[in-house]
Amino acid sequence: MTSLLLRNVRPMAGANCDILVKNGKIAGLGRFEPEPGMAVEDGGGAIAIPGLIDAHTHLDKTTWGMPWHVNNRAAVLRGRIDFEREHRTEIGIDPHRQSMRHAIGLAAHGASHIRSHVDIDTTHGLSMVEGVWKTREKLAGIIDIEIVAFPQSGVMVMPGTVELLDEALRQGCEVLGGIDPCGIDRDPKGQLDALFALAVKHGRPIDIHLHEVGDLGAFTMELMFERIRANGMQGKVAISHAFALGMNDYLRVGRLIEELAALDVAILTTGAPSATVPSIMRLKEAGIRVGGGCDGIRDTWGPWGQPDMLDRAKVIGMKNGLRSDNDLAHLLSVVSQGGADVMRIEGYGIAEGCNADFTLLTGETLAHAVVDVAPRPLVVKGGRVVARQGKAVVDMP
Ligand SMILES: [Zn+2]
């Protein structure tokens, strides 16, 4: 395992010190002299934070590095789903090559962990998951990838999908996904009963995409709460997007937040500019675990996004109307510690005994670094330097 002495950094923008790494863990913060043969780096006084976490993305979808994808289609959810499923092969979106590009881009920008939803459907079976699995193996030691078995095209409207999800969990996908039980499936009881039964059978957590807005999304959340209680799945369910929490009904949202807190349901937000989104500060007050994600970047759904969690923090911050330095520092924690809380990553943090996964940021303060989408001069994973000045030690295919 790796040893490293990283000199002259400011953990969490605090006092200047050195970080000593031994056996892939942080052995101490303070002043140290290098041991014989130990690698030494000078941090140049930069801020050091734990690895950024993209807790909601889609590694199998991006067209990153491919010819520009011309998109003049109407922005209807069902249409986007069907177009992608029917055309992804002819467009040439190879799930292994494209997930390599996406994940290496994230690592180059300081991410240490990814939770990726990966499409599973009756047209492509588990082939997308297999492609991302290959990427996970190739990038071991550079970035950790957790896979959500994701029924992008629906569950009940696509007979055979439940069996594919069952097989994906049997083969080792860590998390079970779901999508709009009302809006996509028109059968909320059917989808949610099937998902919770699979999750219990395999002992896996659930992370469901919920784009449903307003009362419809609130209704779906209530159906989820019932099933969390019935199946004892407190602390094991996450809701991605949760656009219903952005609805303009303070009391109704408050009651939903109380239930989220009581059942320890996590929320993942991407700050979707085109939708109503949950207030990260209101969720913080309620003590709810909240992580952030880039979601799909530059794919057949839309042209926006970068493989960069600081860029995403800026999007989430602007969407949430954040201004104060304290709120901006919390924003940075959503795309780092928050993701670790949702994914239950052990040993995460920047203290003695934690995993040596960290990134350096230029800037005076945490707020300054977020607003600047600050350069990342050095990224360390497991005590090993994996990127310098925004360039990873592995090349994109
Ligand atoms: Zn998504």
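The chain is annotated in an unreviewed UniProt entry as Cytosine deaminase from Ollibium composti.

Glancing now at the sheet that holds strand S13 (residues 358–361). Backbone-to-backbone hydrogen bonds pair the strands of a sheet. The strands run either parallel or antiparallel. Taken in spatial order, the eight strands line up as S3-S2-S1-S4-S13-S14-S15-S16 in an open sheet, and their pairing is mixed. Taken across any chain shown, the strands that pair with only one partner, and hence form the sheet edges, are strand S3 (25–30) and strand S16 (391–392).

Ideal values differ by geometry: the angle at a metal is 109.5 degrees with four tetrahedral donors, but 90 or 180 degrees with six octahedral donors. Within the protein, the atoms that donate to the zinc ion are His56 (NE2), His58 (NE2), His209 (NE2) and Asp295 (OD), at distances of 2.1 to 2.4 Å. Every donor counted, the four donor atoms about the zinc ion form angles of 88 to 174° at the centre, which fits irregular coordination. Each donor residue of the zinc ion lies on the same chain, and together they follow the pattern H-x1-H-x150-H-x85-D. With His58 in the loop between strand S5 (52–57) and helix H1 (77–91) and His209 in strand S9 (residues 206–209), the pair connects residues that are 151 residues apart, well separated along the chain. Given a relative accessible area of 2%, His209 falls into the buried group.

Relative to the assigned elements, Asp18 resides in strand S2 (residues 17–22). Side-chain polar atoms of Asp18 contact the backbone nitrogen of Phe32, separated by 3.2 Å.

All right, on to the nonpolar core then. Ile143, Ile206, Met221, Ile239, Leu245, Ile267 and Leu332 are the most contacted members of the largest nonpolar core, which has 86 residues in total. Structurally, this core is a two-domain feature, drawing no fewer than three residues from each of domain 1 (4–50 + 349–389) and domain 2 (52–343). Excluding anything up to four places from it in sequence, Ile143 contacts Ala103, Leu106, Ala107, Ala111, Ser112, His113, Ile114 and Lys381. Val9, Ile19, Val21 and Ile350 belong to the second-largest nonpolar core, a separate cluster that totals 16 residues.

On to the pattern of salt bridges. Counted according to the given criterion, the structure contains 28 salt bridges. A salt bridge links Arg170 to Glu167; the shortest N-O distance between them is 2.7 Å. Taken together, the residues Arg170 and Glu167, both in helix H4 (residues 161–171) and three residues apart, mark about one turn of the helix. Classification of Arg170 as exposed rests on a relative accessible area of 57%. One salt bridge in this structure joins Arg376 and Asp308, with 2.6 Å as the shortest N-O distance. Of the two residues, Arg376 is situated in the loop between helix H11 (366–371) and strand S14 (378–381) and Asp308 in the loop between strand S12 (290–292) and helix H9 (309–319); the sequence distance between them amounts to 68 residues. Within this structure, Asp60, Lys61, Glu84, Arg88 and Asp119 form a network of salt bridges that share partners.

Calculation rules
Residues numbered from 1 in each chain as written. Predicted model: local features only at pLDDT ≥ 70, side-chain atom pairs only at ≥ 80, totals over all residues. Heavy atoms only, no water. Pairing = 2+ DSSP bridges. Helix = DSSP H or I, 4+ residues; strand = E, 2+ residues; numbered from the N terminus. Donors = N, O, S within 2.8 Å, 3.2 Å for Na, K, Ca; no water. Tetrahedral: all angles 85-135°; square planar, octahedral: opposite > 155°, others 65-115°. Buried < 20%, exposed > 50% of the residue type's maximum accessible area, 1.4 Å probe, protein only. Polar contact = N/O pair within 3.5 Å; in protein donor to acceptor, adjacent residues only side chain to side chain. Core = buried A, V, L, I, M, F, W, Y, C linked by side-chain atoms within 4.5 Å. Domains from an automatic or database assignment. Contact = heavy atoms within 4.5 Å. Salt bridge = Lys/Arg side-chain N within 4 Å of Asp/Glu carboxyl O.

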